[in-house]
Amino acid sequence: MKKQLLKGTIILAGAGIVTRMIGFAYRVFLAGAIGETKLGVYQLVFPVYSLCFTLYAAGIQTAVSQIISHEKKEDHPGIIKSALALSLGTAITLSVLLYAGADYVAVAFLGSKEAAELLRILSVLFPFCGVTSIINGYFYGISDAKKPAVSQIAEQLCRVGFVFLISFAVLDGGTSPACAVWGLVAGELAANFYNLRQLWRLVPPGKIRRGKIRLKRLLTLSLPLTGNRLVLSLLSSVESVLIPAMLMRYGHAPADALAIFGVLTGVVMPFVMFPGTLTNSLSVLLLPAISQAAGAGQSGQVRRAAEQTLRYSLLLGVLTGALFLNYGLDIGTLLFQSENAGKLLTALAFLCPFLYASTTLNSIINGLGKTAVTFLNSVLGLSLRIGFLVVVTPRHGIYGYLGGMIASQILICLLDGSYLIRHYEIDLGLMNHLVWPCIFSNSVFFLARFFGSRLDRAVSIPFTGYLTLVPAAILLLWYMMRFNLIRPNPQSRPRA
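Residues numbered from 1 in each chain as written. Predicted model: local features only at pLDDT ≥ 70, side-chain atom pairs only at ≥ 80, totals over all residues. Heavy atoms only, no water.

A. Fine view of the overall build of the chain. Across its full length, the chain holds 19 helices and zero strands. A compact globule built from 496 residues should have a C-alpha radius of gyration of about 23 Å, and the chain, at 23 Å, falls within 12% of that. Dimensions along the principal axes, computed over C-alpha positions, put the chain at roughly 75 × 55 × 45 Å. Out of the 496 residues belonging to the chain, those deemed buried represent 54%. Accessible surface, the chain as shown: approximately 21,800 Å² in total, 66% of it carbon and sulfur. When the 40 positive and 20 negative side-chain charges of the chain are each reduced to one mean point, those points stand 10 Å apart. (Helix = DSSP H or I, 4+ residues; strand = E, 2+ residues; numbered from the N terminus. Rg over C-alpha atoms; globule rule 2.2 N^0.38 Å. Buried < 20%, exposed > 50% of the residue type's maximum accessible area, 1.4 Å probe, protein only. Areas by Shrake-Rupley, 256 points an atom, 1.4 Å probe, with all protein chains shown as cover. Lys, Arg positive; Asp, Glu negative; His and termini not counted. Charge placed at Lys NZ, Arg CZ, Asp CG, Glu CD.)

B. View of unusual backbone geometry. Of note in this structure, Glu-425 is not a glycine but carries a positive phi near 55°. Checked against the element boundaries, Glu-425 lands in the loop between helix H17 (398-424) and helix H18 (430-459). Since its relative accessible area comes to 62%, Glu-425 is described here as exposed. Not every positive phi belongs to a glycine, and Asn-484 is a case in point at roughly 55°. Relative to the helices and strands, Asn-484 is located in the segment after helix H19 (469-482). Residue class for Asn-484 comes out buried when judged on its relative accessible area of 14%.

C. Structural detail: the confidence of the model for the chain. In the predicted model, the chain carries a mean pLDDT of 86, and 92% of its residues have values of at least 70. Within the chain, the element-level pLDDT minimum falls on helix H11 (residues 277-295), averaging 66, and the maximum on helix H16 (residues 393-396), averaging 96. pLDDT under 50 marks residues 488-496. Its contacts with residues more than four places away, or in other chains, come to 19 contacts. (pLDDT = per-residue confidence, 0-100. Contact = heavy atoms within 4.5 Å.)

D. Region of interest: the nonpolar core. By size, the foremost hydrophobic cluster in this structure holds 74 residues, and its most contacted members are Tyr-56, Leu-119, Phe-126 and Leu-348. Ranked by the residues each element gives to this core, the list is headed by helix H1 (residues 2-70), at 16 residues. Beyond its immediate stretch of four places on either side in the chain, Phe-126 contacts Tyr-49, Cys-52, Tyr-56, Ala-91, Leu-94, Ser-95 and Leu-98. With 20 residues, the next largest nonpolar core counts Val-302, Leu-310, Ile-364 and Cys-413 among its residues. (Core = buried A, V, L, I, M, F, W, Y, C linked by side-chain atoms within 4.5 Å.)

E. Representation of the side chain of Asp-144 within the structure. The topology assignment puts Asp-144 in the loop between helix H5 (126-141) and helix H6 (146-169). For Asp-144, a relative accessible area of 16% translates into the label buried. At 3.3 Å, the side chain of Asp-144 and the backbone nitrogen of Lys-146 are in polar contact. A polar atom in the side chain of Asp-144 sits 2.7 Å from the side chain of Lys-147. (Polar contact = N/O pair within 3.5 Å; in protein donor to acceptor, adjacent residues only side chain to side chain.)

F. Expanded view of the packing of helix H12 (residues 299-336) against H18. Running from N to C, H12 and H18 cross one another at 25°; their axes reach a closest spacing of 9 Å. Our classification of the angle between H12 and H18 gives roughly parallel. Between H12 and H18 lies a crossing of right-handed hand. Along the contact surface, H12 presents Arg-311, Leu-314, Leu-315, Val-318, Leu-319, Ala-322, Leu-323, Leu-325, Asn-326, Tyr-327 and Asp-330, while H18 presents Leu-430, His-433, Leu-434, Pro-437, Cys-438, Ser-441, Asn-442, Phe-445, Phe-446, Ala-448 and Arg-449. A class-by-class count of the residues in the contact of H12 with H18 yields 15 nonpolar, four polar and three charged. (Axes fitted to C-alpha atoms, helices over the stretch in contact; angles between N-to-C directions. Parallel < 35°, antiparallel > 145°, perpendicular 65-115°, else oblique. Left-handed = near helix turned anticlockwise from the far one by under 90°. Nonpolar A, V, L, I, M, F, W, Y, C, P; charged D, E, K, R; others polar.)

G. Expanded view of H12. Between its first and last C-alpha atoms H12 spans 47 Å; for 38 residues at 1.5 Å apiece the expected length is 56 Å, and the helix comes up short by more than 12%. A maximum bend of about 75° is found in H12 at Tyr-327. Gln-337 lies just past H12 and shows a positive phi near 55°. (Expected span 1.5 Å × (residues − 1). Bend = angle between axes of the 7 residues up to and from the residue.)

H. Spatial organisation of a positive patch on the surface. Among the surface-exposed residues, Lys-73, Lys-207, Arg-209 and Arg-210 lie close enough to one another that they form a single positively charged patch. By secondary structure assignment, the location of Lys-207 is in helix H8 (residues 205-210). The partly exposed category is assigned to Lys-207, whose relative accessible area is 46%. (Patch = residues over 30% accessible without salt bridge, like charges linked within 9 Å, V, L, I, M, F, W, Y side chains within 5 Å. Salt bridge = Lys/Arg side-chain N within 4 Å of Asp/Glu carboxyl O.)

I. Structural view of the packing of H12 against helix H14 (residues 352-367). Contact pair H12 / H14: the axes reach a minimum separation of 7 Å and the direction vectors enclose 160°. It follows that H12 is roughly antiparallel to H14 by the angle criterion. H12 and H14 meet at a crossing whose hand is right-handed. Contact residues: H12 offers Ala-306, Thr-309, Leu-310, Ser-313, Leu-314, Leu-316, Gly-317, Val-318, Thr-320, Gly-321 and Phe-324, while H14 offers Cys-352, Pro-353, Tyr-356, Ala-357, Thr-360, Leu-361 and Ile-364.

J. Geometry of the packing of aromatic side chains. Overall, the coordinates contain 18 aromatic pairs when judged by the stated rule. With 6.3 Å between their ring centres and 85° between their planes, Phe-46 and Tyr-49 make a pair best called edge-to-face. Within this pair, Phe-46 and its partner Tyr-49 are both found in helix H1, separated by three residues, close to a single helical turn. Centroid distance Phe-463 to Tyr-466: 6.2 Å. Interplanar angle 25°. Geometry classified as stacked. (Phe/Tyr/Trp six-rings, centres within 6.5 Å; stacked < 30°, edge-to-face > 60°.)

K. View of the environment of Pro-47. Residue placement: Pro-47 occurs in helix H1. Along the chain, Pro-47 and Ala-57 lie ten residues apart, while their C-alpha atoms are 15 Å from each other. Those residues in contact with Pro-47 that sit more than four places away from it in its chain are Ser-237 and Ser-240.

Quick look at the structure:
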């Protein structure tokens, strides 16, 4: 399991890094081409997309992954057929409903009539996205991470390529939110085409047509997952829609509130999530792997896999958070040309360890079949965040909301972690993989920034000060190797 997990994680993480780099550059382009306010309108459609995706794909994809990992190969065509039928039927229904009710949803739910056109375009991609997701679930179930990885890259390249082509060939270098949503459709079509070709090589269409429908087991697994995720998706969507409204109550004009919302959700948060590509990729593959080991009664293997992946997630979060805390303003100015973006990034540094760890914790507990636990903990975390949004944000602005984000992720980590410790005796290694690395990495980056600023003044060559990050990286690598933080089964312990 360990070798497959590592190989699959590397493949998915590599694809994730490529797609996120492309996506990050694309979002910076969008922010400049359409402006921060229209970027906010564009971002408003994603809560609706998330809700619909939850209904037609999310729970079904996870169920397919789990069932395929346990079933014999000859039963795979029937499972795929059942999942495709269920997903397509739901997706087409939602497409028709959203297209017909776009004006109502835009005004009543999103609070922006400009979003209506975007919702109609968005409704086109649901059936294709459903098929792509089900096929990805099949590949995850057979531990083939390469094909979903290539599918991600194809989707991103076609999405960005389409928007760039239209922008520079038709719109004279500009673009619009509608063009960006059509880019989503183009990317999904490309991913769909690739996935179908790869699936048919392993499971020919004829076999899928002749496969025995197995809806009962699929529904038994997918309905609780979909129900849980629907509640979470509803809460997340309410949260997203409330952000501009609460910022207006704080005193921002509607355009300014949408601009802050657009920068936070469209530029800053994707950058915060960028290092999380590793933990996200690991978690996608960890769920079926943990499920398989738990089903075989290999509790020791489950414990070792859980402990090691959690420790790496914590360590990644600590290093990323230390970097953002010390260099967030610089990153905002250099990459986003925005001091406000830098301030938001600096504030979100405290979120990183808990955000990355919670992704892994969630996947481990779901893999053990305890989806009710992760559901309840996530609902509590989201409820706390919405509470901060409604009560604190109107008084303290966007930083009140960011405080709620950090508090909610800490709560989710505490609840998930305590469950694993209590029921499965998993050692999280918090002192060695959170506390001491946090102190050491922040000290290293603080000193690098301190000496870097003096080097800048002494040499007067732009960006010379960032050369101090080289010895900082070497020192951090030495620390991790010295205390076995990046090796299996760490034995050494840092001392106080």
